[in-house]
Amino acid sequence: MEYTIQPDETVSSGIKRIIRGKVDTGIDHIDSDMERHETVHEVRKRCKEVRAALRLVRGVLPTYSSENAHYRDAARRVSDIRDAQALIETFDDHVTPAVETRNALDEDTMSEIRAALVDRRETMAMDQDLNGRLEAVRADLVEGRERVDDLPIATEGFDAVAGGLRKSYKRARNRMGKAYEGPEMERFHEWRKRVKYHRYHSRLLRNAWVGPMKARRSELKTLSDLIGDEHDLAVFLETMESEERFDPATRESLEQVIMARRSELQRKGRPIGERLFAEEPDELVERMRAYWMATQQYEA
């Protein structure tokens, strides 16, 4: 099931096909023997993909707000547990290499930190009844799937996606400016979310012109990964400080390493963002419209 609108299908049929497929895949994840924390991660991704598809046609979908809230709330059932797992992944993939590069902490201390993070995750999963929450998410997905065929998408053609594309792009463009005005954690987090939605929309519209859209998605992924890593490190640092995890000397060492790495990631992300969001929103939408119309007229 390809996450893109095909040239030989209407927008409404394509969006419904995509949403139906992502919901079914989410249910399959829950029903499989996949490791439970991986299941949480994959199911939340499926919910984000569904919400991105809804956002693309939000201007012509009267039930957008309720449908979007439905999948948002489904994902939120397991968000705390996913965040606990993400702390471990951040520690393994980003904190540990940065600490080793600077020789900031010894191996025993690092092992103790990781063990504490794993214990935190398992305690949370038990306290919040992870399996019970996944069953509740499954019920949400089944309920949502029953409405897919009747989604009242009111317009076809590029006009059906123009408004959603413009809004996602404009928000990502605006959030970039705000993030670099004052790089607090929440500002970069908001930018990251908007970049990911624009990336999803570029994937949904891939067939408008495959080569250029593939290149754009690739750069959006690079940017999303950079500011995503920056956000994960910020959350790690905030959690460590708010919960007073580890001794003060360890926290201070980790803070120095993490702040340096966050600054590096912010610097790397800026030129990519400036290029990707150089156009005014109306200019980008009209360029995409030209891609779409040429494909529909000569290649579909």
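Everything below is about the structure shown above.
What you see is a predicted model; the values in this text were computed from it and never measured. (Residues numbered from 1 in each chain as written. Predicted model: local features only at pLDDT ≥ 70, side-chain atom pairs only at ≥ 80, totals over all residues. Heavy atoms only, no water.)

**Q** What should I look at first to understand the environment of Ala74 in this one?
**A** Relative to the elements of secondary structure, Ala74 occurs in helix α3 (residues 64–76). Classification of Ala74 by relative accessible area gives buried; the value is 1%. Sequence-wise, Ala74 and Ala139 are 65 residues apart; in three dimensions their C-alpha atoms are separated by 9.0 Å. Setting aside anything within four residues of it in sequence, one finds Ala74 in contact with Val137 and Asp140. (Helix = DSSP H or I, 4+ residues; strand = E, 2+ residues; numbered from the N terminus. Buried < 20%, exposed > 50% of the residue type's maximum accessible area, 1.4 Å probe, protein only. Contact = heavy atoms within 4.5 Å.)

**Q** Quick question: what am I supposed to make of α3 here?
**A** The α-helix advances 3.6 residues per turn, and as a result positions three or four apart in sequence lie on the same side. With 13 residues, α3 ought to run about 18 Å at 1.5 Å a step, and its terminal C-alpha atoms sit 18 Å apart, in line with that. Every buried residue belonging to α3 is among Tyr64, Glu67, Asn68, Ala69, His70, Tyr71, Ala74 and Ala75, and all of these are buried. Where α3 is buried, its residues contact α1 (11–31), α2 (36–56), α4 (79–102) and α6 (130–148). (Expected span 1.5 Å × (residues − 1).)

**Q** Would you take a moment to explain a positive patch on the surface for this structure?
**A** Taken together, Lys167, Lys170, Arg171, Arg175 and Lys178 make up a surface patch of like positive charges. By the secondary structure assignment, Lys167 is in helix α7 (residues 159–181). (Patch = residues over 30% accessible without salt bridge, like charges linked within 9 Å, V, L, I, M, F, W, Y side chains within 5 Å. Areas by Shrake-Rupley, 256 points an atom, 1.4 Å probe, with all protein chains shown as cover. Salt bridge = Lys/Arg side-chain N within 4 Å of Asp/Glu carboxyl O. Lys, Arg positive; Asp, Glu negative; His and termini not counted. Charge placed at Lys NZ, Arg CZ, Asp CG, Glu CD.)

**Q** What should I look at first to understand the packing of α1 against α6 in this one?
**A** What describes two packed helices is the angle between their axes and the distance between those same axes. Packing of α1 against α6 brings their axes to within 10 Å, and their N-to-C directions diverge by 155°. As far as their axial angle goes, α6 and α1 are roughly antiparallel. Where α1 crosses over α6, the handedness of that crossing is left-handed. The residues of α6 that touch α1, namely those facing Lys16, Ile19, Arg20, Val23, Asp24, Gly26, Ile27, Ile30 and Asp31, are Leu134, Glu135, Val137, Arg138, Leu141, Val142, Arg145 and Val148. Here the residues of the contact of α1 with α6 sort into 9 nonpolar, 1 polar and 7 charged. (Axes fitted to C-alpha atoms, helices over the stretch in contact; angles between N-to-C directions. Parallel < 35°, antiparallel > 145°, perpendicular 65-115°, else oblique. Left-handed = near helix turned anticlockwise from the far one by under 90°. Nonpolar A, V, L, I, M, F, W, Y, C, P; charged D, E, K, R; others polar.)

**Q** Sorry, what's going on with unusual backbone geometry here?
**A** A negative phi holds for most residues other than glycine; trans holds for most peptide bonds. Phi is positive for Asn103, close to 50°, though the residue is something other than glycine. For Asn103, the location among the structural elements is in the loop between α4 and α5 (107–127). For Asn103, a relative accessible area of 67% gives the class exposed.

**Q** Any chance you could explain the packing of aromatic side chains here in plain terms?
**A** Centre-to-centre distance and the angle between the planes together describe a pair of aromatic rings. Inspection of every chain in the model, using the stated rule, returns 8 aromatic pairs. Residues Tyr180 and Phe188 carry aromatic rings whose centres are separated by 5.2 Å and whose planes lie at 75° to one another, so their mutual orientation is edge-to-face. In this structure, Tyr180 and Phe188 share a single accessibility class: buried. Taken together, the ring pairs connect Tyr180, Phe188 and Trp191 into an aromatic cluster. (Phe/Tyr/Trp six-rings, centres within 6.5 Å; stacked < 30°, edge-to-face > 60°.)

**Q** Teacher, can you tell me more about the packing of α2 against α6 here?
**A** Where α2 contacts α6, the axes come no closer than 11 Å and their chain directions differ by 25°. Taken together, α2 and α6 sit at an angle that is classed as roughly parallel. You can see that α2 and α6 cross each other, and the crossing is left-handed. Residues Arg36, His37, Thr39, Val40, Val43 and Cys47 of α2 lie in contact with α6, whose contacting residues are Leu130, Asn131, Leu134, Val137 and Leu141. Residues of the contact of α2 with α6, tallied by class, amount to 7 nonpolar, 3 polar and 1 charged.

**Q** Help me out: how do you make sense of the nonpolar core in this one?
**A** One recurring pattern in soluble globular proteins is that nonpolar side chains are buried together. If you look at the biggest cluster of nonpolar residues, it comprises 84 residues, and the most contacted ones within it are Ile19, Trp191 and Phe277. If we skip the residues at most four places from it in the chain, Trp191 touches Ala172, Arg175, Met176, Ala179, Tyr180, Leu223, Ile227, Gly269, Gly273 and Phe277. (Core = buried A, V, L, I, M, F, W, Y, C linked by side-chain atoms within 4.5 Å.)

**Q** In this structure, what is going on with the pattern of salt bridges? I would like to understand it.
**A** Side-chain pairs of opposite charge can arise where the charged atoms are in close proximity. Counted according to the given criterion, the structure contains 34 salt bridges. The salt bridge partner of Glu122 is Arg121, with a shortest N-O separation of 2.6 Å. The partner of Arg261 in a salt bridge is Glu264, with the nearest N and O atoms 3.1 Å apart. Of this pair, Arg261 and Glu264 both sit in helix α10 (residues 248–276), 3 residues apart, roughly one helical turn. Residues participating in the shared-partner salt-bridge network are Lys22, Glu42, Lys45, Arg46, Glu49 and Arg203.

**Q** Looking at this structure, how should I read the environment of Arg20?
**A** With respect to the helices, strands and loops of the structure, Arg20 is situated in helix α1. Residue classification places Arg20 among the partly exposed residues on the basis of a relative accessible area of 30%. Arg20 sits 128 residues away from Val148 along the chain, and the two C-alpha atoms are 6.5 Å apart. If sequence neighbours within four positions are ignored, Arg20 has contacts with Val148 and Asp149.

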